[in-house]
2 protein chains.
Amino acid sequence: MMDGFKALGLAVPLVQAPMAGTSTPALAAAVSNAGALGSIALGAVDAQAGREMIEATRALTDRPFNVNLFTHRPACPDPQRETDWLAWLAPEFARFGAGAPASLRPIYRSFVEDEAMLAMLVETAPAVVSFHFGLPGAVAISALKQRGCLLLATATSPAEARAIEQAGIDIIVAQGIEAGGHRGMFDPGAPDAALGLMALIRLILRETSLPVIAAGGIMDGAGMAAVLDLGAVAAQMGTAFIDCPESAADAAYRAALRGPAATQTIMTDAISGRPARALANRFTALAQTMGARRPPDYPIAYDAGKALHAAAKASGVHGYGAQWAGQGAPLARAMPAADLVAVLAEELRAVRG
Amino acid sequence: MMDGFKALGLAVPLVQAPMAGTSTPALAAAVSNAGALGSIALGAVDAQAGREMIEATRALTDRPFNVNLFTHRPACPDPQRETDWLAWLAPEFARFGAGAPASLRPIYRSFVEDEAMLAMLVETAPAVVSFHFGLPGAVAISALKQRGCLLLATATSPAEARAIEQAGIDIIVAQGIEAGGHRGMFDPGAPDAALGLMALIRLILRETSLPVIAAGGIMDGAGMAAVLDLGAVAAQMGTAFIDCPESAADAAYRAALRGPAATQTIMTDAISGRPARALANRFTALAQTMGARRPPDYPIAYDAGKALHAAAKASGVHGYGAQWAGQGAPLARAMPAADLVAVLAEELRAVRG
């Protein structure tokens with residue numbers, strides 16, 4: 001079972017996390033060229049743009065890289081909930097002299113219903129394909145495996161890990177509650193034990209025989225060593241790469257990451273419609289006033305969130321961005337991705353001797 | 001700074017967590033005799049009973065052990081809030097043919113106002129004294145240090161760790177969000193970043209020069225190795241010891257720990273008045289219906305919680321106990337404490353080679 005992972009031939013047991021909107025082909029290629037596994041995120045793009053990202057990455061590296069897809073249950077439009085949500089957000093838009101959108105739409109298509117994306121992936125056959133928010137259908141899994149793709153899927157619980165194994169996926173990405181960005185839970189309406197990485201890895205390894213890549217709160221070689229001791233085959237790190245020059249993070253996001261907001265990350269579903277961990281900002285503060293209100297389904301709520309961010313930004317206010325980050329955010333370092341991979345590898349060696 | 005910890009001469013870098021109501025002199029002595037550091041918890045007893053627990057432990061071991069105190073801000077009685085809380089709980093009492101108590105009181109005295117306890121500790125001078133829920137006053141710290149006690153205090157955040165260092169405490173117990181039982185935050189009303197252990201250790205070590213003992217979600221030698229890699233000097237484990245024969249856990253608690261409730265622990269302040277992580281049971285289910293209601297201050301709410309548990313138990317219903325446990329609960333093993341320490345030491349050796 002470990003062979004598929006070993007066949008990647010990574011010099012450093014490290015995956016740069018896919019981060020839709022922040023990771024780039026340049027970042028993924030730099031990481032892969034440095035001996036780890038880079039990732040690009042196709043969750044927010046269509047098949048054509050996804051193809052271009054794969055081609056752009058291949059133009060920069062001959063090494064394997066990971067292509068990430070969002071496999072959420074397609075959103076159920078609910079006009080009343082959306083109207084209520086927009087009415088609640090309207091005063092925020094008004095602060096910036098803007099009106100709330102008249103209606104909202106699911107701005108991203110789930111991979112589970114995107115046949116063009118599947119066809120593109122079968123054609124381009126990336127070395128690694130990963131899924132977040134659930135599992136694709138059996139046809140997609142079978143088609144990608146036949147093309148030699150190594151398949152990864154995120155689990156936030158032992159139950160999700162079992163489902164991943166039963167579906168024939170090759171590797172589990174165990175995502176602890178510490179992790180930045182979207183929590184990969186299959187069903188955001190189900191109870192969440194909110195497992196920290198320390199317990200999650202051990203609980204998953206007890207129940208499945210698949211290799212596990214560990215994600216959440218890992219920022220340095222000591223954290224990498226820790227998850228390897230816990231039985232993971234590699235560490236996945238996202239927040240650590242946000243401030244690399246190759247990332248697409250804007251200046252406001254980088255400034256927030258370097259400032260006091262990094263010490264207080266917040267898990268909220270108000271920005272996108274699904275729980276995600278972000279740097280404390282004006283949007284997370286707003287989210288804490290939502291009470292029992294429920295946002296529209298992901299990614300319908302994200303349509304409103306992005307509109308609010310755009311309206312604020314047009315007034316020079318940057319506090320409504322989706323500034324995703326994990327709990328280790330204050331430990332992020334600003335350096336080229338290749339240098340960061342080299343530093344991490346050296347730190348790992350120093351700990352493991 | 002590490003010397004005080006090293007002087008304990010532990011053969012195994014392991015602390016058995018103090019667990020008021022569950023840990024016992026027999027458990028602490030067995031752990032200390034096996035080469036780790038056992039702990040007794042005096043948070044729920046007065047000075048005389050505390051003295052007896054120290055003497056009982058000393059009768060069973062010549063090795064150092066840890067004596068734990070609760071240093072919460074003394075409860076502020078609030079008759080209206082207490083009346084409202086009892087009114088809310090009344091239907092639960094009624095299920096068991098019982099009435100809710102007519103009034104509530106702070107059932108435990110905080111160490112910060114317990115001069116008899118301080119005098120007893122100064123006299124008996126335990127090798128290690130630890131504090132949970134905040135810091136004792138400077139007089140107490142100074143008096144205990146003069147008697148040669150090694151002092152520990154719990155931190156759930158880098159800010160608390162800094163306060164611990166500034167107060168002259170010797171060692172920080174870094175408690176991740178995964179941990180069972182009471183969360184040691186100094187101020188339960190302040191925002192809580194809910195840091196997982198993976199990030200917490202690294203964030204604390206960046207800001208203080210004190211040694212760190214790591215607590216939360218650690219259940220085996222792999223977890224111990226992980227926290228040592230993260231820079232801790234030892235792992236503190238509580239849930240792992242609940243099902244030892246030397247613990248005071250009752251049959252219902254042990255059965256719950258071995259059953260499906262272990263996979264879904266819940267952090268709630270409804271049982272005691274302070275956030276604590278427990279196995280999912282009838283009390284945690286009730287807590288999830290409390291909405292914006294706030295329980296009385298710790299430990300006033302605990303008076304009600306214990307009365308409800310007693311009323312239910314009298315009817316043969318055990319689901320209202322304070323069945324504290326951490327996120328690694330399903331990994332608990334039922335074996336004598338000395339055997340568990342030996343197994344953990346062997347697992348640690350196997351991981352670290």
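Here the structure is a predicted model, which means the values were calculated and not measured. (Residues numbered from 1 in each chain as written. Chains lettered and ligands numbered in written order. Predicted model: local features only at pLDDT ≥ 70, side-chain atom pairs only at ≥ 80, totals over all residues.)

Quick look at the overall build of chain A
Broken down by element type, chain A carries 14 helices and 11 strands. Overall size of chain A, expressed as C-alpha extent along the three principal axes, is 55 × 45 × 40 Å. Buried positions account for 58% of the 353 residues belonging to chain A. A sequence separation of at least 24 residues applies to 68% of the contacts in chain A between residues at least 6 apart. (Helix = DSSP H or I, 4+ residues; strand = E, 2+ residues; numbered from the N terminus. Buried ≥ 20, exposed ≤ 12 C-beta atoms within 10 Å, placed from the backbone. Contact = placed C-beta atoms within 7 Å.)

Some thoughts on unusual backbone geometry
All names here are of chain A. A cis amide bond, omega -5°, links Tyr298 with the succeeding residue Pro299. Turning to its location among the elements, Pro299 is positioned in the loop between α12 (282-287) and α13 (300-314). A positive phi is found at Ala125, a non-glycine position, where the angle reads about 45°. Take Ala125: it is sitting in the loop between α5 (115-124) and β4 (128-132).

Overview of the sheet that holds strand β5 (residues 150-155) of chain B
Residues and elements named next belong to chain B. Strand order in the open sheet formed by 8 strands is β1-β9-β8-β6-β5-β4-β3-β2, and the pairing between neighbours is parallel. Pairing within the sheet leaves two strands with one partner each, and these edge strands are β1 (14-16) and β2 (38-41). Strand-to-strand twist in this sheet, taken as the mean axis angle between neighbours without regard to direction, amounts to 25°. Taken together, the 4 bridges between β2 and strand β3 (residues 65-70) define a ladder with parallel strand orientation. If you follow Gly38 over to β3, its bridge partner there is Phe65. (Pairing = 2+ DSSP bridges. Axes fitted to C-alpha atoms, helices over the stretch in contact; angles between N-to-C directions.)

A look at the interface of chain A and chain B
How big an interface is tends to be reported as the loss of accessible area on association of its parts. Taken together, the contact pairs 32 residues of chain A with 32 residues of chain B. Among the residues making up the side of chain A that touches chain B, the classes are represented as 17 nonpolar, 11 polar and 4 charged. (Nonpolar A, V, L, I, M, F, W, Y, C, P; charged D, E, K, R; others polar.)

Quick notes on the relation of the copies chain A and chain B
In screw terms, the move from chain A to chain B is a rotation of 180° and a rise of 0.0 Å along the axis, fitting with an RMSD of 0.0 Å. Those values place the two copies in the arrangement expected of a two-fold rotation axis. Taking C-alpha positions as the reference, the residue of chain A nearest the rotation axis is Ala226 of chain A, at 2.0 Å. Taken together, the interface assignments show that 100% of the residues at the interface of chain A recur at the interface of chain B, consistent with an identical surface on both copies. (Least-squares fit on C-alpha atoms with pLDDT ≥ 70 in both.)

Considerations on the nonpolar core
In terms of nonpolar packing, the biggest core is built from 253 residues, with Ala214 of chain A together with Ala214 of chain B touching the most fellow members. Apart from the residues within four sequence positions on either side, Ala214 of chain B is in contact with Ala174, Leu197, Ile201, Val227, Leu230, Ala232, Ala235 and Gln236 of chain B. (Core = buried A, V, L, I, M, F, W, Y, C linked by C-beta atoms within 7 Å.)

Let's talk about the sheet that holds strand β6 (residues 171-175) of chain A
All names here are of chain A. Here we have 8 strands laid out as an open sheet, ordered β1-β9-β8-β6-β5-β4-β3-β2, and parallel in their pairing. Edge positions in the sheet fall to β1 (14-16) and β2 (38-41), since each has one partner strand and no second. Ignoring strand direction, the axes of neighbouring strands in this sheet form an average angle of 25°. Judged from the 5 bridges that link them, strand β3 (residues 65-70) and β4 form a sheet pairing that is parallel. The partner of Phe70 across the bridge, within β4, is His132.

Let's talk about the domain arrangement of chain A
All names here are of chain A. The domain architecture assigned to chain A consists of domain 1 (1-74 + 109-246 + 336-353) and domain 2 (76-107 + 250-331). The distance between the C-alpha centroids of domain 1 and domain 2 comes to 25 Å. With 18 residues of domain 1 at the contact, the number on the domain 2 side is 17 residues. Grouping the amino acids of the side of domain 1 that touches domain 2 by side-chain chemistry returns 6 nonpolar, 8 polar and 4 charged. (Domains from an automatic or database assignment.)

Topic: the pairing of strand β9 (residues 234-237) of chain A
Residues and elements named next belong to chain A. Side-chain alternation along β9 places Ala234 and Gln236 on one buried face and Ala235 and Met237 on a second face that is also buried. Taken together, the 3 bridges between β1 and β9 define a ladder with parallel strand orientation. Bridge pairing in β9 links Val15 to Gln236. Examined bridge by bridge, strand β8 (residues 212-215) and β9 share 3 bridges and lie parallel to one another. What sits directly across from Ala215, in β9, is Gln236.

Some thoughts on the packing of helix α2 (residues 25-33) of chain B against helix α3 (residues 47-58) of chain B
Residues and elements named next belong to chain B. Direction vectors running N to C along α2 and α3 enclose 40°, while the axes themselves pass 8 Å from each other. Comparing the axis directions of α2 and α3 gives the class oblique. Where α2 crosses over α3, the handedness of that crossing is right-handed. Residue-level contacts link Pro25, Ala28 and Ala29 of α2 to Met53, Ala56 and Thr57 of α3. Class assignment of the residues belonging to the contact of α2 with α3 gives a composition of 5 nonpolar, 1 polar and no charged. (Parallel < 35°, antiparallel > 145°, perpendicular 65-115°, else oblique. Left-handed = near helix turned anticlockwise from the far one by under 90°.)

So, the environment of Ala276 of chain B
Residue and element names in this part refer to chain B. Looking at the secondary structure, you find Ala276 in strand β11 (residues 276-279). Considered as a pair, Ala276 and Gly180 are 96 residues apart in the sequence and their alpha carbons are 6.8 Å apart. With sequence-adjacent residues up to four places away left out, Ala276 is seen in contact with Gly181, His182, Arg183, Met267, Thr268, Ile271 and Trp324.

Comments concerning the environment of Glu346 of chain A
Residues and elements named next belong to chain A. Of note, Glu346 is situated in helix α14 (residues 337-352). With 11 C-beta atoms packed within 10 Å, Glu346 lands in the exposed category. A sequence separation of 73 residues divides Glu346 from Gly273, and the C-alpha atoms of the two residues are 39 Å apart.

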